[in-house]
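Given next are the chains, with one letter for each unit.
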Amino acid sequence: MEGFQYFPQTDQDIQAMLERIGVKSLDDLYADVPQDFIFQGEYDLPSAMTEQEVRQFFQELADRNPRQTVFAGAGAYDHYTPAVIPYITSRSEFQTAYTPYQCEISQGTLRYIFEFQSMICTLTGMDVSNASMYDGPTAAAEAVRMSVAQARKKNTVLVSNTLMPNVRAVIDTYARYAGIEIVEIAQEGGQTSASSLESLLAGGQVAGVVVPLTNRFGIIENLEGFADMIHAAKAVMTVYCDPSTLAVLKTPAEWGADIAVGDGQTLGIPLCYGGPYVGFMATSRELMRKMPGRIVGETRDGEGRRAFVLTLQAREQHIRREKATSNICSNQSLMALWVTVYLSLMGPKGLKQVNDICYQRSHFLMQNLLETGLFKEAFPGAPFIKEFALKPLIPPRYIQEKLQEHGIFGALQTPEGYTTFAVTEMRTKEQIFELIKALKG
């Protein structure tokens, strides 16, 4: 064991353990493994480095990542993160991944989860929220399973063509292995087609419907009449939404939704090359016992003080998977804390201000892009807050290459051949002018 000073076992400890199990050496533990599968050479391991050298090594790796100004969206947006959030979430009181079953010693964790749930309910207008989920796409997939569980004998779920592609892909994967049939609702003018929805519901075998509030083109959808049609067919209505926009838009509850899902990334979580993010799910009181994951409730302790506990679902809901709606147990509650701190700092006024800035700057960019003569409107008059689609008059790859030459990431291409741009409060007018200048060149 010489050279392994961080291993707690001494040579004598190891020899005693080997004797106890009846073998002479560590190699004897692999006696059943065929020799052809055992590596016989020397491991190509780098030599030891000092702390300074390790930091420099990883800094050089990080420097190889391109740093571009983000004018892209597609479900992940470059919003500002207040500096206090990383500090609060890094405190030792919050850094634990274990499910807080022991409420007597988990009041801090349970309280911030309760606050997270309360804030999600406020944003969505729904009755109850769970303690967060892995991300937005898996939350949507779980809503699909909930719809089928609620309908019992029906296993068809309708999904809008205007849903984000990554959300649709995860739904398809979950459905494939759960025996659920997914049928697509057509789009019309960049929005979910009401006539297509009506005709698909006519068959009477639909368990649920998933539609976006803000779709993959950035358009704010008009869901008027959808809930009446869906509920008349005895199906469950799920709305996928961007929670940051709910500060200024009609809530899923106001649209008549039974389930609201989405990704909390827009609530101050950095892009960070794809994660970690945090999903949310909120539902009506009638469906709360079908909801996967954990729910934290408020109660009183033996002395009458306010306290928090896991409620409604027994521990077996998470362990006996064959009888549970879902097998989600642990969640990224650290990211739920991140979102909770962000919402408490921003408040209703701050969230509205963010949306106002996004609206003004995204519309400013759109107008300037149209004036370059390189684009036409894809959906004239369609309402949007921070993301929009245009019809390019030259191949999109040329636009992307020109932007990347200037350190700008944007002009994402849709399957229809449109290009999308997103503008958040992080983008300055100078950066917008730089993008326009790059394309005019």
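Per-chain numbering applies: the sequence of each chain, read as written, is numbered from 1 onward. Whole-chain, interface and lining totals are the exception, using all residues; otherwise, since this is a predicted model, local features are given only for residues with pLDDT of at least 70 and side-chain atom pairs are given and counted only at 80 or more. Side-chain metrics in this entry use all non-hydrogen atoms of the structure; hydrogen atoms and water are not considered.

Q: Tell me about the sheet that holds strand β8 (residues 236–241), residues and numbers included.
A: Pairing between strands requires that DSSP locate at least two bridges from one strand to the other. A run of DSSP states H or I qualifies as a helix once it reaches four residues; a run of E qualifies as a strand once it reaches two. Both are numbered from the N-terminal end. The strand order β2-β10-β9-β8-β7-β3-β4 describes an open sheet built from seven strands, whose pairing is mixed. Only two strands of the sheet have a single partner each, and these edge strands are β2 (128–129) and β4 (181–185). One ladder, built from five bridges, connects strand β7 (residues 206–212) with β8; its direction is parallel. Note that in β8 the partner of Gly208 across the bridge is Val236. Residue contacts follow a heavy-atom distance rule, with two residues in contact if any of their heavy atoms lie within 4.5 Å. To get an axis, fit a line to the C-alpha atoms, keeping to the stretch in contact for a helix; angles then go from 0 to 180 degrees between the N-to-C directions. Sitting on the sheet, helix α5 (residues 136–151) is in contact with β3 (156–160), β4, β7, β8, β9 (259–263) and β10 (279–283), with an inclination near 160° to β9.

Q: Before we move on, could you go through a nonpolar patch on the surface and cite the residues and values that matter?
A: Only residues whose relative accessible area exceeds 30% and that form no salt bridge enter a patch; like-charged residues are grouped when within 9 Å of one another, and nonpolar side chains (Val, Leu, Ile, Met, Phe, Trp, Tyr) when within 5 Å. To be clear on the numbers: accessible area is Shrake-Rupley with a 1.4 Å probe, and residue cover counts the displayed protein chains and nothing else. Basic side-chain nitrogens of Lys or Arg form a salt bridge, by our definition, when they fall within 4 Å of a carboxyl oxygen of Asp or Glu. On the surface, a cluster of nonpolar side chains totalling about 650 Å² of accessible area is made up of Ile21, Leu26, Leu29, Tyr30, Val33 and Phe37. Inspection of the secondary structure assignment puts Val33 in the loop between α1 (11–21) and α2 (51–63). Taking relative accessible area as the criterion, Val33 reaches 32% and is therefore assigned partly exposed. Remark: exposure states derive from per-residue accessible area (1.4 Å probe, protein chains only) relative to the maximum for the residue type, with buried under 20%, exposed over 50%, and partly exposed in between.

Q: Could you give an account of the layout of surface pockets, naming the residues involved and the relevant values?
A: Buriedness for pockets is judged along seven lines, at least five of which must meet protein on both sides within 12 Å for an open set on the 1 Å grid over protein atoms alone, while cavities are sets there where a 1.4 Å probe fits but cannot get out, and lining residues have an atom within 4 Å of a point. Grid points are joined across faces, edges and corners, and a volume is the space filled by probe spheres set on the points. The computed volume of the largest pocket comes to approximately 890 Å³. Lining the largest pocket we find 39 residues, and of these Gly73, Ala76, Tyr77, Leu271 and Tyr277 sit closest to its centre. Looking at the lining of the largest pocket, the elements with two or more residues in it are α6 (165–176) and β8. Gly is put with the polar residues, along with every residue not named as nonpolar or charged; the nonpolar set is Ala, Val, Leu, Ile, Met, Phe, Trp, Tyr, Cys and Pro, and the charged set is Asp, Glu, Lys and Arg. In terms of residue class, the lining of the largest pocket is built from 21 nonpolar, eleven polar and seven charged. Here the bounds of each domain stem from an automatic or database domain assignment. Here the lining of the largest pocket spans two domains, and each of domain 1 (69–80 + 347–440) and domain 2 (84–340) adds at least three residues to it. Counted as a void, the second largest pocket has a volume near 220 Å³. Lining the second largest pocket are Met119, Thr122, Leu123, Leu246, Ala247, Thr251, Leu343, Gly347, Pro348, Leu351 and Lys352. Only α4 (107–124) and α10 (333–371) provide two or more residues apiece to the lining of the second largest pocket. Among the elements that line the lining of the second largest pocket, the one with the most residues is α10, at five residues. The residue makeup of the lining of the second largest pocket, split by class, is seven nonpolar, three polar and one charged.

Q: Account for the packing of aromatic side chains, naming residues and giving values.
A: Only rings of Phe, Tyr and Trp enter the pairing, Trp through its six-membered ring, and a pair is recorded when the two centres are within 6.5 Å. The plane angle decides the type: under 30 degrees is stacked, over 60 is edge-to-face, the rest tilted. What the rule picks out here adds up to ten aromatic pairs. A centroid spacing of 5.2 Å and a plane angle of 80° characterise the contact between Phe57 and Phe58, whose relative ring orientation is edge-to-face. Judged by its relative accessible area of 38%, Phe57 falls in the partly exposed class. When the centroid spacing of 6.1 Å and the interplanar angle of 75° are considered together, the rings of Phe217 and Tyr418 count as edge-to-face. Here Phe217 is found in the loop between β7 and α8 (226–232), whereas its partner Tyr418 is found in the loop between β16 (412–413) and β17 (419–422), with 201 residues between them in sequence. Each member of the pair Phe217 and Tyr418 is classed as buried. Aromatic rings pair up to connect Phe375, Phe384, Phe388 and Phe421 into one cluster. Placement of a positive charge over a ring is assigned whenever Lys NZ or Arg CZ falls within 6 Å of the ring centre and within 35 degrees of the normal to the ring plane. Sitting over the ring of Trp255, Lys250 keeps its end group 3.9 Å from the ring centre. In this structure, Lys429 packs its charged tip against the face of Phe364, placed 5.2 Å from the ring centre.

Q: If you had to explain the pairing of β17 to someone new, which residues and values would you point to?
A: Residues Thr419 and Phe421 point to one face of β17 and Thr420 and Ala422 to the other, with burial holding for every one of them. Here strand β14 (residues 387–392) pairs with β17 via four bridges, running antiparallel. Directly across from Phe388, in β17, lies its bridge partner Phe421. As judged from the two bridges shared by β16 and β17, these two strands associate in the antiparallel manner. For Leu412, the partnering residue across the bridge sits in β17 and is Thr420. Count of turn residues in the β16/β17 antiparallel hairpin: five residues, of which Gly417 carries a positive phi of about 95°.

Q: Requested: an account of the domain arrangement of the protein, with residues and values cited.
A: For interface size, the figure often reported is the accessible area lost on association. You can read the domains of the protein as domain 1 (69–80 + 347–440) and domain 2 (84–340). Relative to domain 2, the C-alpha centre of domain 1 lies at a distance of 28 Å. Contact with domain 1, which involves 25 residues of that partner, is made by 22 residues of domain 2. Computed with a 1.4 Å rolling probe, the buried area is the accessible surface lost when two parts are put together, summed over both parts. Carbon and sulfur atoms make up 65% of the area that domain 1 and domain 2 hide from each other, which totals about 1900 Å². Scanning the region where domain 1 abuts domain 2 turns up two salt bridges. Between Lys386 and Asp242 there is a salt bridge whose closest N-O contact spans 2.7 Å. Any pair of N or O atoms that falls within 3.5 Å is considered a polar contact. Within protein, one atom must be able to donate a hydrogen and the other to accept it, and sequence-neighbouring residues count only if both atoms are side-chain atoms. Counting across the interface, domain 1 meets domain 2 through seven residue pairs in polar contact (both at pLDDT 80 or more). For the side of domain 1 that touches domain 2, the secondary structure elements donating two or more residues are α10 and β14. Among the residues making up the side of domain 1 that touches domain 2, the classes are represented as 15 nonpolar, five polar and five charged.

Q: Give me the lowdown on unusual backbone geometry, citing residues and values where you can.
A: With omega at 0°, the peptide bond leading from Gly275 into Pro276 counts as cis. Topologically, Pro276 is positioned in the loop between β9 and β10. Phi is positive for Ala74, close to 60°, though the residue is something other than glycine. The topology assignment puts Ala74 in the loop between β1 (69–71) and α3 (84–89). Positioned with a positive phi, Ala411 is a non-glycine residue whose angle comes to about 55°. Along the chain, Ala411 turns up in the loop between β15 (408–410) and β16.

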